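Read off the chains here:
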Amino acid sequence: MISGLIFDLDGVIVDTAKYHYAAWKELADTLHIPFDQKDNERLKGVSRVRSLEIILEIGGLTLSDEDKRKYLTWKNDRYLSYIRELKEDEILPGAKQFLLDARAAGYRVALGSASKNTGLILKMLNITDLFDAVIDGNKVTKAKPDPEVFLRCAEAIGVPAGECVVFEDAEAGVQAAHNAGMTAVGIGSRERLPEADFHIHGFAGVTLKKLLGQLEA
Ligand code: B16
Ligand code: MG
């Protein structure tokens, strides 16, 4: 039985990865670290601090804790300059309708994201009210693939973990869902998300009833 639906944010509801990339790329250029779109794939779903560590690893660079803090603040300020311009039409195709259908059908709906900017992003997209609970990077201590974020979501919506389905675009998130004892629907191809239980390319043209019927079969 499926009673709870949990959505990741970046890559599932909205493509904020392009703004993360623009900000990280600027920082990498400043530090003379080669960094491209392919490297950016490694940052999807992981925390801000871990993202910086990955970029420094790519460049073989070590920084003091103070410098790391400075660059993290700098990157987030750049990222926020994009997020403050976010428009409702940047919600990924079909995602809002899918959320509306889920609520109308009586499912409990939560958002589980690593992003500490989740509150602002939902506000800019005008979809805060579509979630019964929001658990973000400010509320958890352990990053995906740790199941903490999704277990907290399940708890907040009052649904047993085994009755939750997670929609995720990152392999670390798929693993977090499984570590929480939940079903994982991968947003992307089987090649990119080999561990997901089911795959869709996005919500465009996806019917809630049909999808959940396939998952429960
Ligand atoms: P912030 P998700 C993640 O969002 C992004 O995929 C990841 O690239 C980013 O580093 C992380 O949020 C933290 O974001 O810097 O805004 O706190 O996919 O978990 O919704
Ligand atoms: Mg994501």
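Below you will find a few notes about this structure. Along every chain, residues carry numbers that run from 1 in the direction the sequence is written. Labels are handed out in written order, letters beginning with A for the chains and numbers beginning with 1 for the ligands. It should be noted that, the model being predicted, local features are given only for residues of pLDDT at least 70 and side-chain atom pairs only at 80 or more, the latter also being counted only at that level, while totals for whole chains, interfaces and linings use all residues. To get the side-chain values, take all heavy atoms of the structure and skip hydrogens and water.

1. Side note on the site of ligand 1
Next, step 1: Lining the immediate environment of ligand 1, one finds 18 residues, of which Asp10, Val46, Ser115, Lys116 and Asn117 sit closest.
Next, step 2: Here Leu43 contributes a backbone N or O atom positioned 2.9 Å from an oxygen atom of ligand 1.
Next, step 3: N or O atoms closer than or at 3.5 Å make up a polar contact, with two conditions inside protein: a donor-capable atom paired with an acceptor-capable one, and, for residues adjacent in sequence, both atoms drawn from side chains. Lys144 is positioned with one of its side-chain polar atoms (N or O) 3.2 Å from an oxygen atom of ligand 1.
Next, step 4: Surface accessibility follows the Shrake-Rupley procedure with a 1.4 Å probe radius. Residue values consider only the protein chains on display as shielding. Burial of ligand 1 by the protein amounts to 98% of the accessible area it has alone, namely 470 Å².
Next, step 5: Placement of ligand 1 is best described as lying within the largest cavity.
Next, step 6: Gly counts as polar in this scheme, as do all residues outside two lists: the nonpolar Ala, Val, Leu, Ile, Met, Phe, Trp, Tyr, Cys and Pro, and the charged Asp, Glu, Lys and Arg. Its residues assigned to classes, the shell around ligand 1 comprises five nonpolar, seven polar and six charged.
Next, step 7: Where each domain starts and ends comes from a domain assignment, either automatic or drawn from a database. Composition of the shell around ligand 1 by domain shows at least three residues from each of domain 1 (4-15 + 90-216) and domain 2 (17-83). Note on terminology: near, applied to a residue and a molecule or strand, indicates that one of the residue's heavy atoms is within 4 Å of it. Put plainly, a pocket is an open set of points on a 1 Å grid over the protein atoms alone with protein on both sides within 12 Å along at least five of seven lines, a cavity is a set where a 1.4 Å probe fits but cannot get out, and a lining residue has an atom within 4 Å of a point. More than half of a molecule's atoms lying within 2 Å of a cavity's or pocket's grid points is what places that molecule inside it.

2. Details of the layout of surface pockets
Next, step 1: In this structure, the largest pocket encloses a volume near 280 Å³.
Next, step 2: Lining the largest pocket are 16 residues, and of these Ser47, Arg48, Ala114, Lys116 and Gly137 sit closest to its centre.
Next, step 3: Within the lining of the largest pocket, the residues separate by chemical class into seven nonpolar, five polar and four charged.
Next, step 4: A domain-level breakdown of the lining of the largest pocket finds at least three residues from each of domain 1 (4-15 + 90-216) and domain 2 (17-83). Grid points are joined across faces, edges and corners, and a volume is the space filled by probe spheres set on the points.

3. Some words on empty space enclosed by the protein
Next, step 1: Per the counting criterion, the structure on display carries one cavity of 30 Å³ or more.
Next, step 2: When contributions to the lining of the largest cavity are tallied by element, the ones reaching two or more residues are α1 (17-30), α3 (48-59) and α4 (65-83).
Next, step 3: Here the lining of the largest cavity gathers at least three residues from each of two domains, domain 1 (4-15 + 90-216) and domain 2 (17-83). In DSSP terms, a helix is any run of H or I states spanning at least four residues, a strand is any run of E spanning at least two, and both are numbered starting from the N terminus.

4. Things to note about the side chain of His199
Next, step 1: Within the secondary structure layout, His199 lies in strand β6 (residues 198-200).
Next, step 2: The class for His199 is buried, based on a relative accessible area of 17%.
Next, step 3: One polar contact links the side chain of His199 to the main-chain carbonyl oxygen of Leu193, over a distance of 2.8 Å.
Next, step 4: Sequence-distant contacts of His199, that is, excluding residues within four places in its chain, are made with Gly186, Gly188, Ser189, Arg190 and Leu193. Each residue's exposure class comes from its accessible area (1.4 Å probe, protein chains only) as a fraction of the maximum for that residue type: buried when under 20%, exposed when over 50%, partly exposed otherwise. Contacts were defined at the residue level, with two residues in contact if any of their heavy atoms lie within 4.5 Å.

5. So, the packing of α1 against α4
Next, step 1: Helix axes are fitted only over the stretch in contact, all axes being lines through C-alpha atoms; the angle between N-to-C directions runs from 0 to 180 degrees. Interaxial distance between α1 and α4 falls to 9 Å at its minimum, and their mutual angle equals 140°. On the basis of their axis angle, the class for α1 and α4 is oblique. Classified by chirality, the crossing of α4 by α1 is right-handed. Contacts from Tyr19, His20, Ala22, Ala23, Trp24, Glu26 and Leu27 of α1 reach α4 at Tyr71, Leu72, Trp74, Lys75, Arg78, Tyr79, Tyr82 and Ile83. Our angle categories are set so that under 35 degrees counts as roughly parallel, over 145 as roughly antiparallel, 65 to 115 as roughly perpendicular, and the remainder as oblique. Helix crossings are classified by the rotation of the near helix relative to the far one: an anticlockwise turn of less than a right angle makes the crossing left-handed, while a clockwise turn makes it right-handed.

6. Let's talk about unusual backbone geometry
Next, step 1: Residue Pro145 is reached from Lys144 by a cis peptide bond, and omega for that bond is 20°.
Next, step 2: Along the polypeptide, Pro145 turns up in the loop between β3 (133-135) and α7 (148-157).
Next, step 3: Notably, Asn126 is not glycine yet its phi reads approximately 60°, a positive angle.
Next, step 4: You can see Asn126 is positioned in the loop between α6 (118-125) and β3.

7. A look at the packing of aromatic side chains
Next, step 1: Centres within 6.5 Å are what make two rings of Phe, Tyr or Trp a pair, Trp counting through its six-membered ring; a difference in plane orientation under 30 degrees is then read as stacked, over 60 as edge-to-face, and the rest as tilted. Applying the stated rule across the entire model yields eight aromatic pairs.
Next, step 2: The interplanar angle of 35° and the centroid separation of 4.6 Å between the aromatic rings of Phe98 and Phe203 together place this pair among those described as tilted. Here Phe203 lies in the loop between β6 and α9 (208-216) and Phe98 lies in helix α5 (residues 95-104), a separation of 105 residues in the sequence. Of the two residues, Phe98 and Phe203, neither departs from the other in class, the shared state being buried.
Next, step 3: Ring pairs connect the aromatic residues Phe7, Phe98, Phe167 and Phe203, which therefore count as one cluster.
Next, step 4: Positioned above the aromatic ring of Tyr71 is the side chain of Lys70, whose terminal nitrogen or guanidinium carbon lies 5.1 Å from the ring centre.
Next, step 5: It is Lys75 that lies over the ring of Tyr79; its NZ or CZ is 4.5 Å from the centre. A positively charged side chain is recorded as over a ring if its NZ (Lys) or CZ (Arg) lies within 6 Å of the ring centre. The angle to the ring normal must also be within 35 degrees.

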